[in-house]
Amino acid sequence: MITKKAAHRVGKPVVLIAEELSPATLDALGPDFEVRHCDGANRAELLPALAAGVDAVLIRSATKMDAEAISTAKGLKVIARAGVGLDNVEIPAATAAGVMVVNAPTSNIVSAAELAIGLLLATARYISPAHAALRNNKWARSKYTGAELFEKTLGIVGFGRIGQLVAHRLQAFGMEVIAFDPYLQPARAAQLGVKLVTMDELLAKSDFITIHLPKTKETANLIGVEALKKVKPTVRIINAARGGVLDEKALFDALTEGRVAGAGLDVFSTEPCTDSPLFTLDSVVATPHLGASTDEAQERAGIAVAVSVRKALAGELVPDAVNVKGGIIHEEIRPSLPLVEKMAQLATSLAGEIPVSLDVHVRGDIAIHDSSILAISALKGALVATGAEEVTYVNAPAIAAERGITSSVDSDPESAEYRSMISLHCALSDGKSITVDGTLMGIRKVEKIIAVDGFDLDLPPTENMLFLRYADRPGVVGAVGNLLGNAKINIAGMQVSRDKGGEFALMALTIDSAVGADVVASVTQATGAALVRFVTLVG
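Nothing here was measured: the structure is a model prediction, and the numbers come from that model.

Help me understand the pattern of salt bridges in this model?
It is possible for side chains of opposite charge to pair when their charged atoms get near one another. Applying the stated rule across the entire model yields 20 salt bridges. Where lysine 77 meets aspartate 55, a salt bridge forms, and the shortest distance between an N and an O atom there is 2.7 Å. Pair noted here: lysine 77 is in the loop between α3 (67-72) and β4 (78-81) and aspartate 55 is in the loop between α2 (43-51) and β3 (56-59), with a separation of 22 residues, a long-range link. In this structure, glutamate 201 and lysine 205 form a salt bridge, with 2.8 Å as the shortest nitrogen-oxygen distance. Linking glutamate 201 with lysine 205, this pair stays in helix α9 (residues 199-205), spanning four residues, or about one helical turn. Classification of lysine 205 as partly exposed rests on a relative accessible area of 40%. Taken together, the shared-partner salt bridges connect Arg43, Asp66 and Glu68 into one network.

Shown next, in the form of structure tokens:
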């Protein structure tokens, strides 16, 4: 029998809040956690707080969760960033440690879009310097003649969720919108009334340019010296995305030489930034990275990551986890994750050893959705069945790779007997194999094991189960019942399935308590079964 060791920590899970978050965050966490607080920006305070033992840490942008911090936090399961950016989290170190990293990718998209538009308007009409002049008792009306947005061309660099919100809002100003995004289908842009163009075409045609890209190796200084030679001298450029995508020195030179008319900046290559030559120019409106700084965005971010923490610490897969392979999980696939985990636990327990490969075959209606995440479900289930501790969707692929275990998923929209079903084929080191089939029944998606190695069943996977494979003959059912009864083990359900020739049978029992090795030995001796396995399913 293969068992799983108990988790080492007892009591309520500990959540460390390392930065100020909205009160709604605590409300969303609920009463099931021990909540601690520290100043995450203070390293001397953060590291001891992590070393004291925490299950989750909630941060914003000031707390650096690097390799040192992650290794200090023994037992850490999840890092939750209440916001979008993850520059302050060392994701490879977290992944190696099996720590899930989650953020709130949609929490601030409205706030960021609105700030970009605010900077664009302020830049077009010189709102900031005109306001400053008035505060200095100057009526500089003739000095600050601006430009209208009406019938101008807006170029959006990066047409994701924020870029699309900006487009929708500025189309209402009568602007023509073009966009550059090599990863977006032209048909999607056309649905939004936006034309996709090349970067060079966008630079040449735009009266206003707004940037909505993450900073990567590919996008660093994307709009730099060469790009700024291709723009109209009347162009105004907005960056409320990430510092470093727009080359600030090249921008300063272009502004002072009259090759660019203005700029609105919320982000900078080095932050905090309080001393930039750009701040001396009336043509520049600048804010200190305020894109997500609204009450609404902070509340949405706090609630989102609190919900993610609850799910992660409950052992559920979190859709917003950034270091879990498989991408966005379709709602029709999510219920299959725990089913496949249990199928893999069952197969591994019946085999008595961990498989060398696990192949998941998805059939029927759900096959139209991306089900690649089920490969990790299978790995996780197999590892749990062999007693591996602290296995998560984050570290399961790495642990499996260390043990030489592979997994795969394929799909087929055809399913002869069920609307949807999943078949798990496990290859063993000696060349043998075991197959477990499962499905989700009805509106409630009730988990069912429907076959084991071709023996048909209708079996709900439960915590304690007993399986026998034997040469079919009279008296086996009675013998098993008597032995379990004498051992004070209550049978909740029993099914017997025979192969097509009627020569061999598989008996599957759901029982109320564990079965000891002595009982397993007695059942084996009394029935002559080729296989007797007590199986404990976790989760």
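Here the narrative resumes.
So what exactly am I meant to see when it comes to the pairing of strand β2 (residues 34-37) here?
The side chains of a regular strand alternate, residue by residue, between the two faces of the sheet. Pairing analysis gives four bridges linking strand β1 (residues 14-17) to β2, with the strands arranged parallel. Among the inter-strand pairings, valine 14 is bridged to a residue of β2, identified as glutamate 34. Taken together, β1, helix α1 (residues 23-29) and β2 form a β-α-β motif whose crossover is right-handed.

Help me out: how do you make sense of the packing of aromatic side chains in this one?
Two descriptors summarise a pair of aromatic rings, namely the distance from one centre to the other and the angle between the planes of the rings. A full pass over the atoms with the stated rule returns two aromatic pairs. Seen in terms of ring centroids, tyrosine 126 and tyrosine 144 are 5.8 Å apart; in terms of plane orientation they differ by 40°. Their pairing is tilted. Residue tyrosine 126 is located in the loop between α5 (109-125) and α6 (127-135), and its partner tyrosine 144 is located in the loop between α6 and β6 (153-157); the two are separated by 18 residues in the primary sequence. Geometrically, the ring pair formed by phenylalanine 268 and phenylalanine 279 is edge-to-face, given 5.5 Å between the ring centres and 85° between the ring planes. One end of the pair, phenylalanine 268, is in the loop between β11 (262-265) and β12 (284-286); the other, phenylalanine 279, is in the loop between β11 and β12, and 11 residues separate them in sequence. The class of phenylalanine 268 is buried, set by a relative accessible area of 6%. Phenylalanine 279 sits in the partly exposed class, given a relative accessible area of 33%.

Honestly, the confidence of the model for the protein in this entry has me stumped. Any pointers?
Parts of the model with low pLDDT should not have their predicted coordinates read in detail. Here the protein averages 91 in pLDDT, and 97% of its residues register 70 or above. Confidence over residues 1-8 falls short of pLDDT 50; this stretch has 21 contacts with residues more than four positions distant or in other chains.

Mind showing me how you'd approach the sheet that holds β4 here?
The strands making up a sheet associate through hydrogen bonds between their backbones, and the pairing can be parallel or antiparallel. The strand order across the open sheet formed by five strands is β2-β1-β3-β4-β5, and the pairing between neighbours is parallel. Edge positions in the sheet fall to β2 and β5 (100-103), since each of these pairs with one other strand and no more. Each strand of the sheet is rotated relative to its neighbour by a mean of 20°, with strand direction disregarded. Bridge count for β4 against β5 is four bridges, and the pairing is parallel. Bridging from a neighbouring strand, arginine 81 pairs with asparagine 103 of β5.

Which parts of the structure should I look at to understand the environment of leucine 251?
Mapped onto the elements of the fold, leucine 251 is located in helix α10 (residues 248-256). Distance in space between the C-alpha atoms of leucine 251 and isoleucine 223 is 8.6 Å, their sequence separation being 28 residues. When neighbours within four sequence positions are excluded, leucine 251 is seen to be in contact with Leu228, Ile237, Leu246, Val260, Ala263, Leu265 and Leu278.

Can you help me understand the side chain of glutamine 298 in this one?
Looking at where glutamine 298 falls in the secondary structure, it is placed in helix α11 (residues 295-313). By relative accessible area, which is 18% here, glutamine 298 ends up buried. Not counting the four nearest positions on each side in its chain, glutamine 298 is found in contact with Ser22, Arg60, Ala292 and Ser293.

Would you mind showing me how to read the sheet that holds strand β22 (residues 531-536) here?
Read from one edge of the open sheet, four strands run β20-β21-β19-β22, paired in antiparallel fashion. Each edge of the sheet is formed by a strand with only one pairing partner; in this case those strands are β20 (491-498) and β22. Each strand of the sheet is rotated relative to its neighbour by a mean of 15°, with strand direction disregarded. Packing against the sheet, helix α15 (residues 476-486) makes contact with β19 (464-471), β20 and β21 (504-511), and its axis sits at approximately 25° to β21. Contacting β19 and β22, helix α16 (residues 517-527) crosses the sheet at an angle of about 150° to β22.

What is the right way to look at helix α13 (residues 374-385) in this model?
Because each turn of an α-helix spans 3.6 residues, side chains separated by three or four positions in sequence point in the same direction. Counted at 1.5 Å a residue, the expected span for α13 with its 12 residues is 16 Å, and the 17 Å between its end C-alpha atoms agrees. In terms of burial, α13 is largely enclosed, as 12 of its 12 residues are buried. Along α13, the residues classified as buried are Leu374, Ala375, Ile376, Ser377, Ala378, Leu379, Lys380, Gly381, Ala382, Leu383, Val384 and Ala385. Count one or two residues on from α13 and you reach glycine 387, which has phi positive near 95°.

Explain the domain arrangement of the protein to me, please; I cannot follow it from the model alone.
A common way to express how large an interface is: the accessible area buried when the components associate. The domains assigned to the protein are domain 1 (12-105 + 294-312), domain 2 (107-284), domain 3 (324-460) and domain 4 (462-538). One C-alpha centre belongs to domain 1, the other to domain 2, and the line joining them spans 33 Å. Counting residues at the interface gives 10 residues for domain 1 and seven residues for domain 2. Summed over both sides, the interface of domain 1 with domain 2 buries roughly 640 Å², with 41% coming from carbon and sulfur. Linking domain 1 with domain 2 are one salt bridge. When the shortest N-O distance is used, the salt bridge between arginine 242 and aspartate 87 registers 3.9 Å. Viewed at the interface, domain 2 and domain 1 are joined by three residue pairs in polar contact (both at pLDDT 80 or more). A class-by-class count of the residues in the side of domain 1 that touches domain 2 yields five nonpolar, three polar and two charged.

It is not clear to me how α2 should be interpreted in this structure. Could you clarify?
Listing the buried residues of α2 in full gives Leu46, Leu47, Ala49 and Leu50. Buried residues in α2, looked at end-on, bunch into an arc of 165°, giving them a common side. Those residues of α2 hidden inside the fold are in contact with β1, β3 and α3. Looking at where α2 begins, the residue whose side-chain oxygen comes 3.0 Å from the main-chain nitrogen of alanine 44 is asparagine 42. Of the residues one or two after α2, glycine 53 is the one with positive phi, at around 100°.

Explain the environment of serine 308 here, please?
Relative to the helices and strands, serine 308 resides in helix α11. The exposure class of serine 308 is buried, given its relative accessible area of 4%. Excluding residues within four positions of it along the chain, serine 308 makes contact with Val102, Val318 and Asp320.

What counts as what
- Residues numbered from 1 in each chain as written.
- Predicted model: local features only at pLDDT ≥ 70, side-chain atom pairs only at ≥ 80, totals over all residues.
- Heavy atoms only, no water.
- Salt bridge = Lys/Arg side-chain N within 4 Å of Asp/Glu carboxyl O.
- Helix = DSSP H or I, 4+ residues; strand = E, 2+ residues; numbered from the N terminus.
- Buried < 20%, exposed > 50% of the residue type's maximum accessible area, 1.4 Å probe, protein only.
- Pairing = 2+ DSSP bridges.
- Right-handed = clockwise from strand over helix to strand, strands pointing away.
- Phe/Tyr/Trp six-rings, centres within 6.5 Å; stacked < 30°, edge-to-face > 60°.
- pLDDT = per-residue confidence, 0-100.
- Contact = heavy atoms within 4.5 Å.
- Axes fitted to C-alpha atoms, helices over the stretch in contact; angles between N-to-C directions.
- Expected span 1.5 Å × (residues − 1).
- Domains from an automatic or database assignment.
- Buried area = accessible area lost by both parts, 1.4 Å probe.
- Polar contact = N/O pair within 3.5 Å; in protein donor to acceptor, adjacent residues only side chain to side chain.
- Nonpolar A, V, L, I, M, F, W, Y, C, P; charged D, E, K, R; others polar.
- Arc of directions from axis to C-beta.

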